[in-house]
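Chain by chain, the residues:
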Amino acid sequence: MVGGFRWAAMFPDEVWEHVFSFLPADADRNAAALVCRAWYRLERRSRWRVFVGNCYAVEPAAAVRRFPEVRAAAIKGKPHFADFNLVPSDWGGGAEAWVEAMAEGWPHLEELRLKRMVVSDDCLELIARCFKNFKVLSLVSCEGFSTAGLAAIAANCRYLRELDLHENEVEDNCLHWMSHFPESCTSLVTLNIACLEGEVNVSVLERLIGRCPNLKTLRLNHSVPLERLVGLLHRAPQLVDLGTGKYAAQHHPELFSRLESAIAGCKNLKGLSGFWEAGPTFLPAIYSVCEGLTSLNLSYATIQGPELIKLISRCKNLQRLWVMDLIEDEGLIAVAASCKLLQELRVFPSDPYGAAQPISLTEHGLVAISAGCPMLHSVLYFCRQMTNAALLTVAKNCPNFTCFRLCIMEPHTPDYITRQPLDAGFSAIVESCKHLRRLSLSGLLTDLVFKSIGASANRLEMLSVAFAGDGDAGLHYILSGCKNLRKLEIRDCPFGDKPLLDNAAKLETMRSLWMSSCSVTLGACRQLARKMPLLNVEVINERKRGLPLELQPDNCPVEKLYIYRTVAGPRSDTPSCVWILR
Amino acid sequence: MGDQSNSPSSSIDSSSHPALCSTSSIFQTRRDLLSTDLKLGLGLSTSALHGCSSKERYASCETTMDVSPSSQSFLPPPFPGPYACMSASLLRFMPSKFSSSSVSSMLDRSKSFCTSSVLWEQLSHWPPIKPLLRSTLEEKVHRSHSKTFFVKVYMEGLPIGRKLDLLSHNGYDSLMRTLRRMFRTTITCPDTSRVPPEKAHVLTYEDEEGDWMMVGDVPWEFFLRTVKRLKITRADKC
């Protein structure tokens, strides 16, 4: 067996770096780095893209030190259930520590993507000041900053290509932040301001996009009136992805024809979104580009079924469709007939709290889509009823699912025909879909479904469970199976201490585990923390905010539990509602 | 048994919330088993939430939620059909006066029960939709449900009047149908009616100038703007 040093000396460093450049996947690079010290050294110097799935898994300074040549970094903060307000607002996920370390060690950073982090205006100012070559800022589901911070980015990032603000909570305190883009800024390729709540100076925006000939993605916020959309489109006919602003106005035929021709003028348009307050009046204005559309997001448009059908039947090349459940089964049947290239479908609830008229969106719509769209691999479906038979049919029709998320809105809903749990249906999904990476369960489910998942879902990376299971066995099946499980999030299930303690080692192979409103006690968490030093066991108890951990008895029930592997040890920014057990 | 915090906001008047009325009445029928009222840590109703930004809304929901730690894996009770039933999570809000053994002994795993969706929304951050979509939908609901316009309706000869929400109707036909149902009489237009004038009734309204006018002459939207109250009078008076 050739020794490490001689292996590496076969070729000069540059050749190895060139070889490694063909390993884009982090997992492959990580594996290469473990081969020998020489490769570790070579690989770390040649890695320029880093993904940190949990900002607390590693010290920022350590990451920056190990990979000195990084140009693009992506970091995620809060657990996924923070999207549904299950995580206290002061839990953490602050970006300062990372931005400061990066400013220090990665002055050539060009791209930064942050998800579910708390980003302050100071962070944005630091980014704007320290990274001379900064090109891409993407903030997804973040909070803590204002338009003043955006002004700093606009003013100082001379080569800015992408400003992608997706579903953030942004305080609006600087009305004219967009005026801070200098006249010399002509490099924008992506500008997504859809989540901003405040007014936007459309004239400034017009001038900005007028001088950015490479602009491909423009997503406006709902303050941009429909009349002004026409002018914007005239200045950017090269757009590939458009998010409209408010898609409603006083009807007059002149506006309609101007809008229609402006949209028709965008010959490269592939994606449409926005459509706030859209009604049937102006929808036909987009008919001319429907044939070329690959992505259509109508999830903010409360348009009724018939109009939706008229629109979507024209979109023969659609690959991604996000729509409200107002499309109903009939609409989905039409989609199944027209959109043969459909890959991803998301159906959102127009009335999640059941106050209005019932919508006729049932399991039939899902079955129709599964039968009619052979390339379908990703589904998010909110509905009120389901049957095992339907799920079995879907599983048979679509063995290629990579992501299946079904949300039956009333918890514990059984098969409405047989009154049985939906174990059989979901089991069929995991047994048939061998490439399933993401799964969300709902409806009435016993431990049996978890037995199937544990046994069959070998590629599963993320599992979301709510209001399911009978007892500890359910969790045990998951943790003792699911070889590739990375993220497990559980709420309101009767899972207790035993499966956690019995499967402690598994938790180190995963990124994180979230359990809320289950049956875990503090004592078990203490035991787990003692047993597994490479895990941070965070107990979140908002009712006991500020109370000393040492005085709590072992049988104290745990409201919320977040466990994640880390090489950084306990974090230092825990709020009063979080105890980190060691 | 875990401790029970009793913050001042931890109990709400159950009669103010329609969904809770039905649940608290369930507890009254099972008084032999459950000896106290339901206490919930909600200081907010849906309408109160609309004033604040989505972030404030959720933050305040969380801080007033009062989760009792006493119970572990409460299971839904076997309530039959017409009663609004409670789910496991809701039962956790019961104060620890019940020993967990007495409660869990009466509960058994029932697979057929319903929950009050409104309660779910307020208490459990369910279904899982993102804040932006949630606030967009809430705005829509607010816009469509916030307007009511109740006017008094009297029928000649009856001293006690009724009240009617004009905005829940979309035109005169709908209004007439409701009034006929409410007062059990035919209301007609006197010029087209074949019923002798002594027996027929017509609908009149008082406008903003204080004049009594026949209903139906002006467009519905205009009518809504000027009407103050309604009166059903005998046709021969017109």
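Up top you'll find the structure we're talking about.
Residues numbered from 1 in each chain as written. Chains lettered and ligands numbered in written order. Predicted model: local features only at pLDDT ≥ 70, side-chain atom pairs only at ≥ 80, totals over all residues. Heavy atoms only, no water.

Draft legend 1. Spatial organisation of a nonpolar patch on the surface. There is a patch of nonpolar side chains on the surface, built from A:M10, A:F11, A:V15 and A:V19 and spanning about 340 Å² of accessible area. With relative accessibility at 39%, the residue A:F11 sits in the partly exposed group. (Patch = residues over 30% accessible without salt bridge, like charges linked within 9 Å, V, L, I, M, F, W, Y side chains within 5 Å. Areas by Shrake-Rupley, 256 points an atom, 1.4 Å probe, with all protein chains shown as cover. Salt bridge = Lys/Arg side-chain N within 4 Å of Asp/Glu carboxyl O. Buried < 20%, exposed > 50% of the residue type's maximum accessible area, 1.4 Å probe, protein only.)

Draft legend 2. Spotlight on the nonpolar core. By size, the foremost hydrophobic cluster in this structure holds 192 residues, and its most contacted members are A:M102, A:Y247, A:L296, A:F404 and A:I453. Once residues lying within four places of it in the same chain are set aside, the contact partners of A:L296 are A:L272, A:F275, A:L311, A:I312, A:C315, A:L318, A:R320, A:L321 and A:W322. Counting 21 residues, the second-largest nonpolar core is a separate cluster that includes B:L166, B:M182, B:Y205 and B:L230. (Core = buried A, V, L, I, M, F, W, Y, C linked by side-chain atoms within 4.5 Å. Contact = heavy atoms within 4.5 Å.)

Draft legend 3. Structural detail: a negative patch on the surface. A contiguous patch of negative charge, built from A:E169, A:E171, A:D172, A:E197, A:E199 and B:E139, is present on the exposed surface. Relative to the helices and strands, A:D172 is located in the loop between β7 (169-171) and β8 (190-192). Residue classification places A:D172 among the partly exposed positions, given a relative accessible area of 38%. (Lys, Arg positive; Asp, Glu negative; His and termini not counted. Charge placed at Lys NZ, Arg CZ, Asp CG, Glu CD. Helix = DSSP H or I, 4+ residues; strand = E, 2+ residues; numbered from the N terminus.)

Draft legend 4. Here's a closer look at the packing of helix α6 (residues 96-105) of chain A against helix α7 (residues 121-130) of chain A. Residue and element names in this part refer to chain A. Running from N to C, α6 and α7 point in directions that differ by 15 degrees, and their axes come no closer than 10 Å. One finds that α6 runs roughly parallel with respect to α7. Helix-helix and strand crossings are classified by hand; for α6 and α7 the assignment is left-handed. Residues E96, V99, E100 and A103 of α6 form the contact with α7, whose own contacting residues are C123, L126, I127 and C130. By residue class, the composition of the contact of α6 with α7 is six nonpolar, no polar and two charged. (Axes fitted to C-alpha atoms, helices over the stretch in contact; angles between N-to-C directions. Parallel < 35°, antiparallel > 145°, perpendicular 65-115°, else oblique. Left-handed = near helix turned anticlockwise from the far one by under 90°. Nonpolar A, V, L, I, M, F, W, Y, C, P; charged D, E, K, R; others polar.)

Draft legend 5. Spatial organisation of unusual backbone geometry. In this model, B:W126 is joined to B:P127 through a cis peptide bond whose omega is 0 degrees. Note that B:P127 resides in the loop between α6 (117-124) and α7 (131-145). Unlike most non-glycine residues, A:S141 shows phi in positive territory, near 50 degrees. Along the chain, A:S141 turns up in the loop between β4 (136-140) and β5 (143-146). For A:S141, a relative accessible area of 15% translates into the label buried.

Draft legend 6. Main features of helix α12 (residues 305-312) of chain A. All names here are of chain A. Every buried residue belonging to α12 is among G305, L308, L311 and I312, and all of these are buried. All buried residues of α12 fall inside an arc of 125 degrees around its axis, so they share one side. Where α12 is buried, its residues meet β12 (295-297), β13 (320-324) and α13 (328-338). (Arc of directions from axis to C-beta.)

Draft legend 7. Looking closely at the state of the cysteines. All names here are of chain A. One pass over the structure, following the stated rule, counts zero disulfides over all chains. We note that C123 lacks a disulfide partner, and the nearest cysteine sulfur, in C142, lies 10.0 Å from it. Counting only cysteine sulfurs, C339 is the nearest neighbor of C373, a cysteine outside any disulfide, at a range of 6.7 Å. Since its relative accessible area comes to 0%, C373 is described here as buried. (Disulfide = S-S within 2.5 Å.)

Draft legend 8. Structural context of the packing of aromatic side chains. Evaluated as defined, the whole model comprises 26 aromatic pairs over all chains. Sitting above the plane of the A:W91 ring, A:R571 keeps its charged end 4.4 Å from the centroid. (Phe/Tyr/Trp six-rings, centres within 6.5 Å; stacked < 30°, edge-to-face > 60°. Lys NZ or Arg CZ within 6 Å of the ring centre and 35° of its normal.)

Draft legend 9. Summary view of the sheet that holds strand β4 (residues 212-214) of chain B. Residues and elements named next belong to chain B. The five strands lie next to each other as β2-β1-β5-β3-β4, forming an open sheet whose pairing is mixed. Each edge of the open sheet carries a strand with a single partner, namely β2 (162-165) and β4. Direction aside, neighbouring strands of the sheet carry axes that sit 35 degrees apart on average. Examined bridge by bridge, strand β3 (residues 201-206) and strand β5 (residues 229-234) share six bridges and lie antiparallel to one another. What sits directly across from Y205, in β5, is L230. The strands touched by helix α8 (residues 172-183) within the sheet are β1 (150-155), β2, β3 and β5, with β2 carrying the most contacts at an inclination of about 155 degrees. (Pairing = 2+ DSSP bridges.)

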